[in-house]
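Tertiary structure, described
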Amino acid sequence: MSVLHPDLLTADGADALPVRIVRKDAPVDGVWAAWARANDFTGKAGQLLLLPASDDGVSGALFGAGDAFDPMSARCLAAKLPEGLWRLEGLEPAEAARAALAFALGAYRFDRYKARRAGSVRLVVDAGVDIAATVRIAAACALAREMVDTPAADMGPLQIETIAREIAEASGATLAVTTGEALLEENYPAVHAVGRAAAPHRAPRVIEIGWKLDRADLPLVALVGKGVVFDTGGLDLKTSAGMRNMKKDMGGSAHALALGRLVMEADLPVRLVVLVAAVENAVSADAFRPGDILNSRKGLTIEIGNTDAEGRLILADILTRAGEHAPDLTLDFATLTGAARIALGPELPPLYSDDEALVADLLAAAAAVGDPLWRMPLWPGYRAALDSEIADIRNDSAAWAQAGSITAALFLQKFAPTTGAWAHMDIFAWNPRAQPGRPEGGEAQGLRACFEMLSRRFPAVG
C-alpha cells in the first residue's frame with residue numbers, strides 16, 4: 001500500500017557521505033572554499049553543491065540553509081542527491097528529526113507504471129531520531145499520495161475498500177461495507193444516488209472502520225473522507241480540462257484512511273471510526289439529474305441544482321452516520337470545491353470549524369510540522385444561499401453568495417455531528433507543478449497537521 005522503502009532512513013551509516021548545512025553568506029572554509037566560490041554557492045535556501053572526489057565520484061555536498069534553516073527544506077534532497085547513503089551535518093537534534101521526516105517525504109515517487117525505476121537515496125539519522133515513527137508518518141503521506149496518483153481504472157470503490165480492509169486487519173479493527181442497492185436498505189440514499197450510474201463492478205459503497213469501540217472510557221474520534229474515484233460532473237458534465245485530473249477526487253478518502261492508519265499504528269488512547277463513501281460520479285441513463293430531490297440519512301431533503309456538486313451529498317450521509325457514534329471530535333477531508341483554490345491556491349487548504357479550541361490546536365500543529373492550514377469563516381450570512389423553495393436544502397448555493405467553498409462548508413455543517421468539535425478541510429491533494437521533493441501529482445495536505453494535533457490532545461501512553 002505504500003511505495004516508501006522501509007530502509008530509507010537508517011541509523012547505520014559508517015560510509016555515509018556528508019551533507020553540510022551552510023547558512024546564507026557564511027564562509028565555506030577549508031579545502032572547499034574555492035570550489036564554493038567557483039560555483040557561486042552562497043548558501044541561499046535550497047541551494048545544493050556536490051563536492052567532487054578523486055575517483056570522479058562525489059565526496060559530499062553543501063546545502064544552503066538561507067538566513068535560518070527550515071528543516072522542511074530538506075524535502076528536496078532525495079530528488080537532488082545522487083543515489084547512495086548520506087548524512088546531514090550541523091543540525092540541532094530537533095532540526096535533525098524534522099529534516100529526516102522532510103527527506104522521507106521528498107523521497108516519494110510514483111513510478112508504478114514505469115518500466116525503469118530510479119535508484120534509492122538513503123539518509124543516516126541521529127541516534128535521537130525515532131526512525132520508526134518518522135517512517136510511519138512519511139508512509140501514511142505516501143499512501144495518500146499513491147492512492148491519489150493511481151488512475152481511476154485501478155483505484156475504484158473496490159480498491160479503496162481493499163485498502164481499508166488491509167488497514168483494519170493490520171490493527172485488529174472491524175470493517176463494515178455497505179454496497180450497491182444495500183445502501184438504500186441501510187439508509188444511505190444520497191451515496192446511492194450519486195454512485196448508482198457507475199458500472200456494477202464499480203458500485204458505490206460506504207466503508208466503516210471501527211477501532212477500540214468497546215473502550216467506553218476513551219474519547220471517540222471520527223475521520224470522514226470523500227471518495228469520488230472519478231468525477232465526470234455527472235449530467236452537468238465537466239469540460240475535458242476540468243475532468244483531466246478527476247482521478248484525485250477521492251483524495252479525502254485517502255487522507256482519512258492514511259490518518260486512521262497512523263492513529264492506530266501510534267496506539268493513541270482513543271476510540272476511532274473512519275468513514276468513507278466511495279463512488280464514481282458517472283453518466284448513464286440512471287444518473288441523478290438536476291432538479292431531482294434526494295433524501296438523506298439525516299432526513300433532510302436536498303434539491304439538486306448541479307450534479308457536479310456531488311461530494312457534499314455523499315459526505316452528508318456519512319457525516320450523519322459519524323454523528324450516530326456521538327464522537328468527541330470529527331475531522332472530514334474532501335477535495336470539495338474549485339472555489340477553495342480560487343481563494344487560497346493549491347498549496348493552502350481551507351480549514352472550517354466553529355470550535356475555537358480545535359482551530360487553535362490545528363493551526364498550532366500545522367505550524368509546528370510545516371503542514372499549512374488556513375482558517376476560513378463559516379459565515380452565517382451565506383446560509384440563506386442554501387435555501388430551497390421545494391426541499392430542505394439545495395446542493396448548489398445561490399449565485400449571489402459567490403463564496404463557493406464557504407457555502408459548501410455551511411452545507412456540510414448541516415449534517416456534521418453535534419456532540420463534539422468538528423472541522424472540515426477542503427483540500428486540493430495535488431501538486432500542479434513539479435519541484436524537487438514535490439513531484440507533480442498527489443499530495444498529502446493537512447494530514448500531518450491533524451496527526452500532530454491528535455497526538456498532542458491524546459498522547460500515547462508508554
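This text gives an overview of the structure that appears in the document.

Rules used in this analysis
Residues numbered from 1 in each chain as written. Predicted model: local features only at pLDDT ≥ 70, side-chain atom pairs only at ≥ 80, totals over all residues. Heavy atoms only, no water. Axes fitted to C-alpha atoms, helices over the stretch in contact; angles between N-to-C directions. Helix = DSSP H or I, 4+ residues; strand = E, 2+ residues; numbered from the N terminus. Left-handed = near helix turned anticlockwise from the far one by under 90°. Contact = heavy atoms within 4.5 Å. Nonpolar A, V, L, I, M, F, W, Y, C, P; charged D, E, K, R; others polar. Core = buried A, V, L, I, M, F, W, Y, C linked by side-chain atoms within 4.5 Å. Buried < 20%, exposed > 50% of the residue type's maximum accessible area, 1.4 Å probe, protein only. Salt bridge = Lys/Arg side-chain N within 4 Å of Asp/Glu carboxyl O.

It is at 8 Å that the axes of helix 12 (residues 356-369) and helix 14 (residues 447-457) come closest, and there the two elements cross at 115°. Considering only the axes of helix 12 and helix 14, their crossing is right-handed. For the pair formed by helix 12 and helix 14, the contact residues are Ala357, Leu358, Asp361, Leu362, Ala364, Ala365, Ala366, Ala368 and Val369 on the first element and Arg448, Ala449, Cys450, Glu452, Met453, Arg456 and Arg457 on the second. The residue inventory of the contact of helix 12 with helix 14, partitioned by class, reads 11 nonpolar, no polar and five charged.

General note: in soluble globular proteins, nonpolar side chains tend to be found buried as a group. Judged by nonpolar contacts, the single largest core of 92 residues is most densely connected at Ile160, Leu259, Leu331 and Leu454. Top element by residues in this core is helix 4 (residues 131-149). It accounts for nine residues. Each residue touching leucine 454, except ones within four places of it in the same chain, is listed here: Val221, Leu259, Val263, Leu268, Leu329 and Leu331. Among the nonpolar cores identified, the runner-up in size contains 42 residues, and Ala190, Val191, Ala316 and Leu410 belong to it.

A word on the pattern of salt bridges. In this structure the tally under the stated criterion is 25 salt bridges. With a closest N to O distance of 3.0 Å, aspartate 308 and lysine 238 form a salt bridge. Here aspartate 308, found in the loop between strand 12 (302-303) and helix 10 (311-324), pairs with lysine 238, found in the loop between strand 9 (220-231) and helix 8 (240-243); they are 70 residues apart in sequence, far enough to count as distant. Among the residues examined, aspartate 308 registers a relative accessible area of 25% and is labelled partly exposed. The salt bridge partner of arginine 261 is glutamate 265, with a shortest N-O separation of 3.8 Å. Of the two residues, arginine 261 and glutamate 265 are both situated in helix 9 (residues 251-265); the distance of four residues between them amounts to about one turn of the helix. The network of salt bridges with shared partners includes Glu208, Arg297, Arg321 and Glu324.

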